[in-house]
Amino acid sequence: QQQVKQSPQSLIVQKGGISIINCAYENTAFDYFPWYQQFPGKGPALLIAIRPDVSEKKEGRFTISFNKSAKQFSLHIMDSQPGDSATYFCAALTQGGSEKLVFGKGTKLTVNP
Amino acid sequence: EAQVTQNPRYLITVTGKKLTVTCSQNMNHEYMSWYRQDPGLGLRQIYYSMNVEVTDKGDVPEGYKVSRKEKRNFPLILESPSPNQTSLYFCASSVYRGTQYFGPGTRLTVL
């Protein structure tokens, strides 16, 4: 079964707009939630990450919002730019020493100029 | 430069012909993983290794083998490749519960 559900599958926004990507999980053993950004022809690269004891983390134009009770987290990209056009993956890591990272299926973001 | 390298980057082979995709990292990371990426399915973990001689299955290990004889290397072995293993493969490394650094990917086609 899919452990991390990501939506939408694709997203088109205008330059300067806000991009929002949502993820939900069921496994309460997850305790680290990174977002990865992948450009065509490249490997994914860590964008930003959050732990469940924090409700929000901001790095520049990128913000993660985390709702522990709802088991949901989301990525907000403020003032979206054409250079942000990429595929974004949310992920989750289980506590207890395993490095088994579980990914959502990805969201392809297109920012139109 | 800190990096994860994979070879080959592109490979076309035929069903049943054993192949190895190499992965090497120069960051002295304990953890290494292999993923496959398929359209609409995202990234799925094949195997991971927590240190030399310590490996464990990910979500889709069938048809794959790995070994970790040296800290820097983590090759992925397909003993008898089949067309359903046609995919984009990524190797990654990390320190304990840290950022996973991904390689550039290996695009494999099995005819």
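Definitions and limits used
- Residues numbered from 1 in each chain as written.
- Chains lettered and ligands numbered in written order.
- Predicted model: local features only at pLDDT ≥ 70, side-chain atom pairs only at ≥ 80, totals over all residues.
- Heavy atoms only, no water.
- Helix = DSSP H or I, 4+ residues; strand = E, 2+ residues; numbered from the N terminus.
- Rg over C-alpha atoms; globule rule 2.2 N^0.38 Å.
- Buried < 20%, exposed > 50% of the residue type's maximum accessible area, 1.4 Å probe, protein only.
- Contact = heavy atoms within 4.5 Å.
- Areas by Shrake-Rupley, 256 points an atom, 1.4 Å probe, with all protein chains shown as cover.
- Lys, Arg positive; Asp, Glu negative; His and termini not counted.
- Charge placed at Lys NZ, Arg CZ, Asp CG, Glu CD.
- Pairing = 2+ DSSP bridges.
- Phe/Tyr/Trp six-rings, centres within 6.5 Å; stacked < 30°, edge-to-face > 60°.
- Buried area = accessible area lost by both parts, 1.4 Å probe.
- Salt bridge = Lys/Arg side-chain N within 4 Å of Asp/Glu carboxyl O.
- Polar contact = N/O pair within 3.5 Å; in protein donor to acceptor, adjacent residues only side chain to side chain.
- Nonpolar A, V, L, I, M, F, W, Y, C, P; charged D, E, K, R; others polar.

Q: Can you walk me through the overall build of chain B in this structure?
A: When helices and strands are counted, chain B shows zero helices and 11 strands. By the compact-globule yardstick of 13 Å for 111 residues, chain B fits well, its C-alpha radius of gyration being 13 Å. Overall size of chain B, expressed as C-alpha extent along the three principal axes, is 35 × 25 × 25 Å. Counting the 111 residues in chain B, one finds 50% classified as buried. Within chain B, contacts between residues separated by at least 24 positions form 53% of all contacts whose residues are at least 6 apart in sequence. Just so you have it, chain B exposes about 5200 Å², and 52% of that area is on carbon and sulfur atoms. Both charge centroids of chain B, one from 13 positive and one from 9 negative side chains, sit 4 Å from each other.

Q: When you look at the sheet that holds strand β7 (residues 65–66) of chain B in this model, what are you seeing that I'm missing?
A: Residues and elements named next belong to chain B. Ordered in space as β1-β3-β8-β7, the four strands form an open sheet in which the pairing is antiparallel. Two strands lie at the open edges of the sheet, namely β1 (4–7) and β7, each paired on one side alone. Pairing of β7 with strand β8 (residues 76–78) involves two bridges; the strand directions are antiparallel. Each bridged residue has a counterpart across the sheet, and for V66 the counterpart in β8 is L76.

Q: Would you mind showing me how to read the packing of aromatic side chains here?
A: All names here are of chain A. Per the stated rule, a full pass over the model turns up 17 aromatic pairs over all chains. A ring pair is formed by F33 and F66, whose centres lie 4.8 Å apart and whose planes are at 50°; its orientation type is tilted. One end of the pair, F33, is in strand β4 (residues 30–38); the other, F66, is in strand β7 (residues 62–67), and 33 residues separate them in sequence. Feature note: the residues Y25, F30, F33, W35, F66 and F73 constitute an aromatic cluster, connected by ring pairs.

Q: When you look at the interface of chain B and chain A in this model, what are you seeing that I'm missing?
A: By a frequent convention, interface size equals the accessible area lost on bringing the separate parts together. Every contact between the two is made by 25 residues of chain B and, on the other side, 23 residues of chain A. Between chain B and chain A, roughly 1900 Å² of surface is buried when both sides are summed, and carbon and sulfur atoms account for 49% of that area. Linking chain B with chain A are zero salt bridges, by the criterion used here. Counting across the interface, chain B meets chain A through two residue pairs in polar contact (both at pLDDT 80 or more). Secondary structure elements with two or more residues in the side of chain B that touches chain A: β4 (31–38), β5 (42–51) and β9 (87–94) of chain B. Ranked by residues supplied to the side of chain B that touches chain A, first place goes to β5(B) with five residues. Among the residues making up the side of chain B that touches chain A, the classes are represented as 11 nonpolar, 11 polar and three charged.

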